[in-house]
Amino acid sequence: MDTNLSLIAPEIALGVAGALIILLDAFVPGGLSRNVILALAVVGIIVSAALALPLAGLNSFAFSGAIAVDTYAVFFKLLFLSATLLVLLASTSLLDSVARFRAEFVGLLLLATVALMLLAAAHELITLYVALEMSSLSTAFLAAWNRNDGRSVEAGLKYFLLSAMSSAVLLYGLALLYGLAGSTRLDTIGLAVANTPNAGLFLAMALVLAGFGFKVSAVPFQMWTPDVYEGAPTAVTAYLSVASKAAGFAALVRVLTTALPAAQADWAVLIAGLAAATMTVGNVVALVQSNIKRMLAYSSIAQAGYVLVGIAASSPRGYSAVLFYLLAYTATNLAAFLTVVAIIRLIGSERIADFRGLRQRSPWLAFALAVSLLSLAGLPPFAGFFSKLYVFSAAVQSGLIWLVLLGVLNSAISLYYYAQVIHDMYMVPPEGGGIAPLTVSHAVSLAVAVAGVLLLGVLSGAVLRFDDLAALALAR
């Protein structure tokens, strides 16, 4: 068995950092200060990223094929680490409010990221399932972290219960795949079922799609999303909306392309249907939301639908477009939620109506949120425009013109509710006083996210070439 630990050095480094924070806080009199905890976490993330970079370009496996070490996995590891870093830097107010347990919060967030990194690299069914459960349990605890807030406790409980149900459905599908192939390795399963498509394979595929549908908030498995996004601490919501969702897509694409290529014609049709329903339901319901976090939750559901369009294209071009979309979506949604974190903390309200006149009260926050919403709507020159362009282009090349037309229509619908928020911020007189300045770390985090939205639009061609390399790693 190949137990070369250097191949999983990024996960080890981040896991050690998370455990070290928790242990040091327990043994240091009075506990670690917030700044020390953040410094240790940032060092752990940077070391983990530095260890991941040299693995790009490899085509190897660790632990007898249980973990893939390739450019595809490295892409997602760096994405998760970047998202975690930005969320942590913007969580200073949350850490102050839970001072007694802030080391546990940061440690658990790092360990949850380790689970997501393993999920993206999983090349074997048991590894995939264990990593999924590790991430689901961690994020459920994080969602319920504000135990003095009934909405937070409710969010954590809902996520935990529905996650358990979806995991059971996924486990049935994985068990069927093992029964059909007699192996838990994804590539071996793909070879075993290549020439024997049958009803059992179709059922396994449907159950796997349902299980991952919960993870990525695809309709009709999205029922948990608005309540959890609204009730969880906003920083945790930001993490859930980007890192956790991207991990679900990473694992789904690897399973479909490696273990189920024989059923591509079937799963492409199912995913196209899921994409159509997810885009439409997410955007239509978002139109009537008055709470900014619920609106962004339904927007997140709609964005998942656009990603599914790229997967439905079932081509290397489509998978590359999916990777770019997830990268652009991570920067954009983080910028939106990190802005909302600051606004909610300082005005004490999540109602969209209370964002009126934000330009006069805090020009920087109004600009950051406007850029984020315009990118989510898919307008140039922001990253969201190019991400949708690449996804829709791949779908057209695969003959899914009807799905592209529906996607364009949904983008037009989304522009209405995004533009309404921008109108209220810039065109309606303010109803409150000025907003206090951000903390330095929060301002840096938000600035990096907004810069990412702008730069990914300008440098989309160069980034897409790296995405092409990552997508090609799936075709080995």
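An account of the accompanying structure is given in this report. (Residues numbered from 1 in each chain as written. Predicted model: local features only at pLDDT ≥ 70, side-chain atom pairs only at ≥ 80, totals over all residues. Heavy atoms only, no water.)

Side note on the overall build of the protein
Put simply, the test is: Numbered from the N terminus, helices here are DSSP runs of H or I no shorter than four residues, and strands are runs of E no shorter than two. Two things to know: the radius of gyration comes from C-alpha atoms, and the globule rule equals 2.2 Å times the number of residues to the power 0.38. Burial here depends on accessible area, computed with a 1.4 Å probe over protein chains only, as a share of the maximum for the residue type. Under 20% is buried, over 50% is exposed, and the range in between is partly exposed. Each accessible area is a Shrake-Rupley estimate made with a 1.4 Å probe; only the visible protein chains count as cover when residues are assessed.
When you go through the protein residue by residue, the secondary structure sums to 20 helices and 2 strands. Taken over C-alpha atoms, the radius of gyration comes to 21 Å for the protein, in line with the 23 Å a tight globule of 476 residues would show. In terms of overall dimensions, the protein has C-alpha extents of about 70 × 60 × 40 Å along its principal axes. Across the 476 residues in the protein, those meeting the buried criterion constitute 60%. Looking at the protein as shown, the accessible area adds up to about 16,800 Å², and 71% of this sits on carbon and sulfur atoms.

Observations concerning the packing of aromatic side chains
The line we're drawing: Stacked, edge-to-face and tilted are the three classes for Phe, Tyr and Trp ring pairs, Trp counted by its six-membered ring, which pair at centre distances within 6.5 Å; planes under 30 degrees apart are stacked, over 60 edge-to-face, the rest tilted.
Inspection of the entire model under this criterion finds 15 aromatic pairs. With centroids separated by 5.1 Å and ring planes inclined at 40 degrees, the aromatic side chains of phenylalanine 214 and tryptophan 224 adopt a geometry described as tilted. With a gap of 10 residues between them, phenylalanine 214 in helix H9 (residues 199-215) and tryptophan 224 in the loop between H9 and helix H10 (225-231) connect regions that are remote in the sequence. Taken as a pair, phenylalanine 214 and tryptophan 224 share a single burial class, namely buried. Where tyrosine 306 meets tyrosine 325, the ring centres are 6.4 Å apart and the plane angle is 40 degrees; that geometry is what we call tilted. Here tyrosine 325 lies in helix H14 (residues 316-347) and tyrosine 306 lies in helix H13 (residues 292-312), a separation of 19 residues in the sequence. Both residues of the pair, tyrosine 306 and tyrosine 325, belong to the buried class. One aromatic cluster in this structure is built from Tyr159, Phe214, Trp224, Tyr229 and Phe337.

Section: helix H6 (residues 125-143)
Stated formally: The length a helix should cover is 1.5 Å for every residue beyond the first. Contacts described as polar in this section are N or O atom pairs within 3.5 Å, which, within protein, must combine one atom able to donate a hydrogen with one able to accept it, while residues neighboring in sequence count only if both atoms come from side chains.
Counted at 1.5 Å a residue, the expected span for H6 with its 19 residues is 27 Å, and the 27 Å between its end C-alpha atoms agrees. By the N-cap criterion, in which a side-chain oxygen at the helix start approaches the backbone nitrogen of a residue two or three places on, H6 is capped by glutamate 124, the distance to isoleucine 126 being 3.3 Å.

Here's the deal with unusual backbone geometry
The omega torsion of the bond from valine 219 to proline 220 falls at 10 degrees, within 30 degrees of zero and hence cis. For proline 220, the location among the structural elements is in the loop between H9 and H10. In this structure, serine 64 takes a positive phi of about 55 degrees despite not being glycine. Note that serine 64 resides in the loop between strand S1 (59-62) and strand S2 (67-70). In the Ramachandran plot, serine 314 falls in the positive-phi region, its phi being about 45 degrees despite a non-glycine side chain. Counting through the fold element by element, serine 314 comes out in the loop between H13 and H14. With a relative accessible area of 16%, serine 314 lands in the buried category.

Things to note about the side chain of serine 372
What counts, and what does not: Two residues form a contact once any of their heavy atoms are found within 4.5 Å.
Tracing the chain through its elements places serine 372 in helix H16 (residues 363-377). For serine 372, a relative accessible area of 0% translates into the label buried. Setting aside its immediate chain neighbours within four residues, serine 372 contacts Thr332, Ala335 and Ala336.

As for the packing of helix H11 (residues 234-259) against H14
The description of two helices packed together rests on the angle between their axes and the distance between the axes. To be explicit about the condition: Inter-axis angles, ranging from 0 to 180 degrees, are taken between N-to-C directions of lines fitted to C-alpha atoms, where helices are fitted over the stretch in contact. Working rule for angles: under 35 degrees goes down as roughly parallel, over 145 as roughly antiparallel, 65 to 115 as roughly perpendicular, anything else as oblique. Think of it as three bins: nonpolar holds Ala, Val, Leu, Ile, Met, Phe, Trp, Tyr, Cys and Pro, charged holds Asp, Glu, Lys and Arg, and polar takes everything else, Gly as well.
H14 packs onto H11 with a crossing angle of 170 degrees between their chain directions and a minimal axis gap of 8 Å. Taken together, the axes of H11 and H14 are roughly antiparallel relative to one another. Between H11 and H14, the contacting residues are Thr234, Ala235, Thr237, Ala238, Ser241, Val242, Lys245, Ala246, Phe249, Val253 and Thr257 on the first element and Tyr319, Leu326, Tyr329, Thr330, Asn333, Leu334, Phe337, Val340, Val341 and Ile344 on the second. Each residue belonging to the contact of H11 with H14 can be placed in one class, and the counts come to 14 nonpolar, 6 polar and 1 charged.

Remarks on the pairing of S1
Our working rule: Two strands are counted as paired when DSSP detects at least two bridges linking them.
As paired elements, S1 and S2 share 4 bridges and run antiparallel to each other. Bridge pairing links phenylalanine 61 to alanine 68 in S2. Taken together, S1 and the strand that follows it, S2, pair antiparallel across an intervening segment of 4 residues, in which phenylalanine 63 is found at a positive phi of about 55 degrees.

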